[in-house]
Number of protein chains: 2
Amino acid sequence: MKAGILAIGTELLMGQIVNSNAAYLSRELNALGVGVFYHYTVGDNYERIESHLKTMLKQCDLIFTTGGLGPTLDDITKEVIAGALGLKMHLDQHSLERIEMRFREFNRPMTENNIRQAYFPENAIILDNDMGTAPACIIEAEEGKKAIIVLPGPPKEMTHIFERHIRKFIEKMNPGNIYSSFLSIYGMGESAVEATLMPLFDSQSNPTLATYASIGKVLLRVTSSGLAPEENKHTVEAMTEKIKALVGEYIVSESGEEIDVVVLNQLKERHMKIAFAESCTGGNLAARLIRNSGASEVVECGFVTYSNHAKQTLIHVSEASLSQYGAVSHEVCREMAEGTRKVSGADITVSVTGIAGPNGGSEEKPVGRVYIGIDYLDQVKTYEYTFVGDRETIQNRTVIEALRLVY
Amino acid sequence: MKAGILAIGTELLMGQIVNSNAAYLSRELNALGVGVFYHYTVGDNYERIESHLKTMLKQCDLIFTTGGLGPTLDDITKEVIAGALGLKMHLDQHSLERIEMRFREFNRPMTENNIRQAYFPENAIILDNDMGTAPACIIEAEEGKKAIIVLPGPPKEMTHIFERHIRKFIEKMNPGNIYSSFLSIYGMGESAVEATLMPLFDSQSNPTLATYASIGKVLLRVTSSGLAPEENKHTVEAMTEKIKALVGEYIVSESGEEIDVVVLNQLKERHMKIAFAESCTGGNLAARLIRNSGASEVVECGFVTYSNHAKQTLIHVSEASLSQYGAVSHEVCREMAEGTRKVSGADITVSVTGIAGPNGGSEEKPVGRVYIGIDYLDQVKTYEYTFVGDRETIQNRTVIEALRLVY
């Protein structure tokens, strides 16, 4: 099946919001075995919505629209679809009652305009919206061979309705069974992953492999479709074994998790406390763990020792090492990890010192030079890196690599 | 002038990345007085790129493409454009030398494929890319009345080239003079800003007002166009004065800066050192300042005192206050700020303690309850908030509000 996504809203063309809906729907549809061929965005304009809708109706089996379901006069998505398909609009009493109820609950006056949200093209399958006033709907065309799926624009409402109603609808329409697994790969770049797995990529028809790269991480999707359910699962598992034979040491999760989640769970299971001493990452490393609920079980504390003075007074780095080797050195990194262990009493400590740039680099120690230290089981190890990128990228790569060392 | 944006890349249709480029370009083009009529996204497919390009060439004066300039065989943007316009491709020696130099700098081997990045349609205006290997270009059509602007996909490279080259090009092509100012508003929601400024919005034709909201921040753009240069400037300044009369106390910058940049500069000018004690924000507050180059001049240190033990041992919060009032309280917040001041010797300290959720809330202290303390000039003040949202939103709102208190 071929799908297209039509986002409707002048605010998108003004650049006031980013069209994250298109990415979400694409990800979910691909995982369901539906190929996405186009994303279009047009403003709240009858002719332009209509002409793009007609183009997509020719080329796609599934058309998703997002936006244009609000109460105001420029919200015209349903009217344009009805016009394009020659359908009449009718009032849906159930939706009207739900909208009225919602206004009573929030104790706000309901305007005449809100009644428009309860009108739908005839024969539409109407889907309740528990997160907002605009119900969604599905309009089938060409005797059920094609469908227009009409979703609200706000991402929370859109994803809620997709999860609750649309996923099932697509599975029924596109019964080709599908099974996917997601491997989180850290410490290896996307091109290196692809080069190493090339023999497996080359022979791909089923299962298929796809990589999604973000900073420090490559997510590898393995998908089998079109077979019996157990065969799909078996095919994915067999391919996963082949992948593990080639890049197993870099696989941090077989369920697509981020490394901070994996490390948090490792520490929880072992009832271990962790502490951090950060210079160039400025608190980002601690924050990465603490963005997860439940971090309080494992995070003892963190020091942001950005100045030399703080390194000396808070975690007992020696003045001698600072002046002899400089703040960005194996020696100071080691003393930061050791000092933090002693002061905090944590089971494992991580220290980071480096030059995030854009200033402060030298020939000997360029921008991107970073040392990471781990103090664990009375052993301190320090590691040297030269990361490439701007300040934010160097900070992010350092955080990911530090978590990988803990892992 | 009418513009359209064509994003090229199968990764967009797979939902691997969000098309933030389209929003960025739309915002900038609107600010330059160029209307954006379409966003299209297609995969790395010759026929589909070509057909969308031809549609846009009929309807738009300015066509922006993003993506498809990489070294691999599926990167075909320039070839398709050359084909559609009947132009030959030629090797640009200057670009080739720059690409070779870049590989030498990073000490990586250059592959045969990278040479493709130095080929361009004949007569293209070639634009150096200082952030990556893919140069951009501008291809004029219909005797300079239309132009295709070919940009790389990675947002950092794209925005860099836009700022450096494209803005000037458009100003020359679209000489309708324009002047904008950008006000950063913190501490007031978008709807409150719009409601307060409604009398000004209502009467808008020139200058125009537009708001862009992100977490904790509303950026207000004031634009005047179509007048003589000094008149545009005067019109914007007069409107800015009216806005300041209504919401002046919430305006943190009149040049659109983020609050962390403004606070960093305030501290630098006053030669002041700042220190942080963070519980629920887990290092994010220190990290927000330290994401800026030059933070070392003003950041003394930070404590991530996530556990009660750390609050007691590192910054001398009393056991009595912890047990009597709980870790999330005015009293503990006050002691965190005071203790941090004493331990760090900083001129100003900020403490944060709260419940970021989703767990840990109670009837008395719900999820989102946050205390922020400021110790400055021998005075400690603490503030209570109840923020709404998920864990990440609560952490982000807390960071922004803490910076606003410092401001």
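Please refer to the structure higher up on the page.
On a predicted model such as this, the values are computed, not experimentally measured, just so you know. (Residues numbered from 1 in each chain as written. Chains lettered and ligands numbered in written order. Predicted model: local features only at pLDDT ≥ 70, side-chain atom pairs only at ≥ 80, totals over all residues. Heavy atoms only, no water.)

J.: Give a description of the overall build of chain A that names residues and reports values.
T.: Within chain A, the regular secondary structure consists of 15 helices and 17 strands. Over its C-alpha trace chain A gives a radius of gyration of 27 Å, far above what one expects of a compact globule, namely 22 Å for 407 residues. Overall, chain A is about 85 × 55 × 40 Å in size when its C-alpha atoms are taken along their principal axes. Of all 407 residues assigned to chain A, the portion counted as buried reaches 53%. Split by element, the accessible area of chain A, about 17,300 Å² in all, is 49% carbon and sulfur. Here chain A holds 39 positive side-chain charges and 52 negative ones, and the gap between their average locations is 1 Å. (Helix = DSSP H or I, 4+ residues; strand = E, 2+ residues; numbered from the N terminus. Rg over C-alpha atoms; globule rule 2.2 N^0.38 Å. Buried < 20%, exposed > 50% of the residue type's maximum accessible area, 1.4 Å probe, protein only. Areas by Shrake-Rupley, 256 points an atom, 1.4 Å probe, with all protein chains shown as cover. Lys, Arg positive; Asp, Glu negative; His and termini not counted. Charge placed at Lys NZ, Arg CZ, Asp CG, Glu CD.)

J.: Give me the lowdown on the sheet that holds strand 13 (residues 274-278) of chain A, citing residues and values where you can.
T.: The strand order 17(A)-16(A)-15(A)-13(A)-14(A)-14(B)-13(B)-15(B)-16(B)-17(B) describes an open sheet built from ten strands, whose pairing is mixed. Of all the strands in the sheet, the pair left with one neighbour each is strand 17 (379-386) of chain A together with strand 17 (379-386) of chain B. Across the sheet, the axes of successive neighbouring strands diverge by a mean angle of 10°, strand direction being ignored. Sheet topology places strand 15 (residues 348-354) of chain B next to strand 16 (residues 369-376) of chain B; seven bridges connect them, and they run antiparallel. Paired with threonine 349 of chain B across the strands is aspartate 375 of chain B, a residue of strand 16 of chain B. Lying on the sheet, helix 12 (residues 308-315) of chain A is in contact with strand 13, strand 14 (299-304) and strand 15 (348-354) of chain A together with strand 14 (299-304) of chain B; it crosses strand 14 of chain B at an angle near 40°. (Pairing = 2+ DSSP bridges. Axes fitted to C-alpha atoms, helices over the stretch in contact; angles between N-to-C directions. Contact = heavy atoms within 4.5 Å.)

J.: Talk me through the relation of the copies chain A and chain B; I want residue IDs and the actual numbers.
T.: Mapping between the two chain copies consists of a rotation about an axis together with a translation along that axis. Once chain A is rotated about the relating axis by 180° and shifted along it by 1.7 Å, it coincides with chain B to within an RMSD of 2.3 Å. Between the two chains, the operation in question is that of a two-fold axis. Of the residues that chain A buries at the interface, 90% are likewise interface residues in chain B, meaning the two copies contact each other through the same surface. (Least-squares fit on C-alpha atoms with pLDDT ≥ 70 in both.)

J.: Give a description of the interface of chain A and chain B that names residues and reports values.
T.: Contacts between the two partners involve 61 residues from chain A, matched on the other side by 57 residues from chain B. Summing the contributions of chain A and of chain B, the shared interface buries around 4,700 Å²; its carbon and sulfur component is 57%. Of all residues in chain A, the largest losses of buried area upon contact with chain B belong to Leu13, Ile290 and Tyr306 of chain A, amounting jointly to 12% of the total for that side. A salt bridge links aspartate 390 of chain A to lysine 156 of chain B; its shortest N-O distance comes to 2.6 Å. When residues in the side of chain A that touches chain B are grouped by element, the largest group, seven residues, is from strand 2 (residues 35-42) of chain A. When the residues that make up the side of chain A that touches chain B are grouped by side-chain class, the tally is 28 nonpolar, 25 polar and eight charged. Inspection of the sheet shows strand 2 of chain A paired to strand 2 (residues 35-42) of chain B by three bridges, in the antiparallel sense. Of the residues in strand 2 of chain B, the one forming a bridge with threonine 41 of chain A is histidine 39 of chain B. (Buried area = accessible area lost by both parts, 1.4 Å probe. Salt bridge = Lys/Arg side-chain N within 4 Å of Asp/Glu carboxyl O. Nonpolar A, V, L, I, M, F, W, Y, C, P; charged D, E, K, R; others polar.)

J.: Residue-level account of the sheet that holds strand 8 (residues 146-151) of chain B, with values.
T.: Pairing is mixed in the open sheet, where twelve strands are placed in the order 6(A)-7(A)-8(A)-3(A)-1(A)-2(A)-2(B)-1(B)-3(B)-8(B)-7(B)-6(B). Looking at the sheet topology across the chains shown, the edges are occupied by strand 6 (125-127) of chain A together with strand 6 (125-127) of chain B. Each strand of the sheet is rotated relative to its neighbour by a mean of 15°, with strand direction disregarded. Relative to strand 2 of chain A, helix 2 (residues 20-31) of chain A is tilted by about 165°, and along the sheet it contacts strand 1 (2-8), strand 2, strand 3 (62-66) and strand 8 (146-151) of chain A.

J.: Tell me about helix 12 (residues 308-315) of chain B, and please be specific about residues and values.
T.: In an α-helix, one full turn covers 3.6 residues, which means residues spaced three or four apart are oriented alike. All names here are of chain B. For helix 12, every residue scored as buried is listed here: Ala310, Lys311, Leu314 and Ile315. All buried residues of helix 12 project into a common sector of 105° when viewed along the axis, lining one side. Residue histidine 316 follows helix 12 closely and has a positive phi angle near 60°. (Arc of directions from axis to C-beta.)

J.: I'd like a rundown of the pattern of salt bridges, residues and numbers included.
T.: Taken as a whole, this structure holds 35 salt bridges over all chains when the rule is applied. Across the salt bridge formed by arginine 116 of chain B and glutamate 79 of chain B, the nearest N and O atoms sit 3.1 Å from each other. Remark: glutamate 79 of chain B occurs in helix 4 (residues 77-85) and arginine 116 of chain B occurs in the loop between helix 5 (93-105) and strand 5 (119-121); sequence separation between them is 37 residues. A residue is classified by how much of its surface remains accessible, and glutamate 79 of chain B, at 24% relative accessible area, is partly exposed. Sharing partners across several salt bridges, the network here consists of Arg98, Asp128, Asp130 and Arg164 of chain A.

J.: Describe the environment of glutamate 384 of chain B, with residues and values.
T.: All names here are of chain B. Positionally, glutamate 384 belongs in strand 17. Overall, glutamate 384 belongs to the partly exposed group, its relative accessible area being 42%. In this structure the side chain of glutamate 384 is engaged in a polar contact, spanning 2.9 Å, whose partner is the side chain of tyrosine 371. (Polar contact = N/O pair within 3.5 Å; in protein donor to acceptor, adjacent residues only side chain to side chain.)

J.: Explain the nonpolar core to me, and be specific about the residues and the numbers.
T.: Among the nonpolar cores identified, the biggest contains 44 residues, and Leu6 of chain A together with Leu6 of chain B are the most heavily contacted of them. When residues no more than four places from it in sequence are discounted, the contact partners of leucine 6 of chain A are Tyr40, Val42, Ile49, His52, Leu53, Met56, Phe64, Thr65 and Thr66 of chain A. (Core = buried A, V, L, I, M, F, W, Y, C linked by side-chain atoms within 4.5 Å.)

J.: An account of helix 9 (residues 229-247) of chain B is needed here, citing residue identities and associated values.
T.: Residues and elements named next belong to chain B. For helix 9, with 19 residues, the first-to-last C-alpha span of 27 Å sits near the 27 Å given by 1.5 Å per residue. Within helix 9, burial applies to Asn232, Thr235, Val236, Met239, Thr240, Ile243 and Val247. Along the axis of helix 9, the buried positions cluster into a sector of 135°, meaning they face one direction only. For helix 9, exposure combined with an orientation more than 90 degrees from the buried face picks out Glu230, His234 and Ala245. (Expected span 1.5 Å × (residues − 1).)

J.: Please give an account of the packing of helix 12 of chain B against helix 14 (residues 330-344) of chain B that cites residues and values.
T.: Residue and element names in this part refer to chain B. One way to put it is that helix 12 packs onto helix 14 with a least axis distance of 9 Å and a crossing angle of 40°. Taken together, helix 12 and helix 14 sit at an angle that is classed as oblique. Of the residues in helix 14, those in contact with Lys311, Leu314 and Ile315 of helix 12 are Val332, Glu335, Met336, Gly339, Thr340 and Val343. Class assignment for the residues of the contact of helix 12 with helix 14 results in five nonpolar, two polar and two charged. (Parallel < 35°, antiparallel > 145°, perpendicular 65-115°, else oblique.)

J.: Got a sec to walk through the pairing of strand 14 of chain A? Specific residues and values, please.
T.: It is a general feature of regular strands that their side chains alternate between the two faces of the sheet. The buried fraction of strand 14 of chain A is high, at six of six residues. Considered for its hand, the β-α-β crossover made up of strand 13 of chain A, helix 11 (residues 284-290) of chain A and strand 14 of chain A is right-handed. Pairing between strand 14 of chain A and strand 14 of chain B: three bridges, direction antiparallel. Residue pairing for strand 14 of chain B: valine 304 of chain A is matched across the bridge by glycine 302 of chain B. (Right-handed = clockwise from strand over helix to strand, strands pointing away.)

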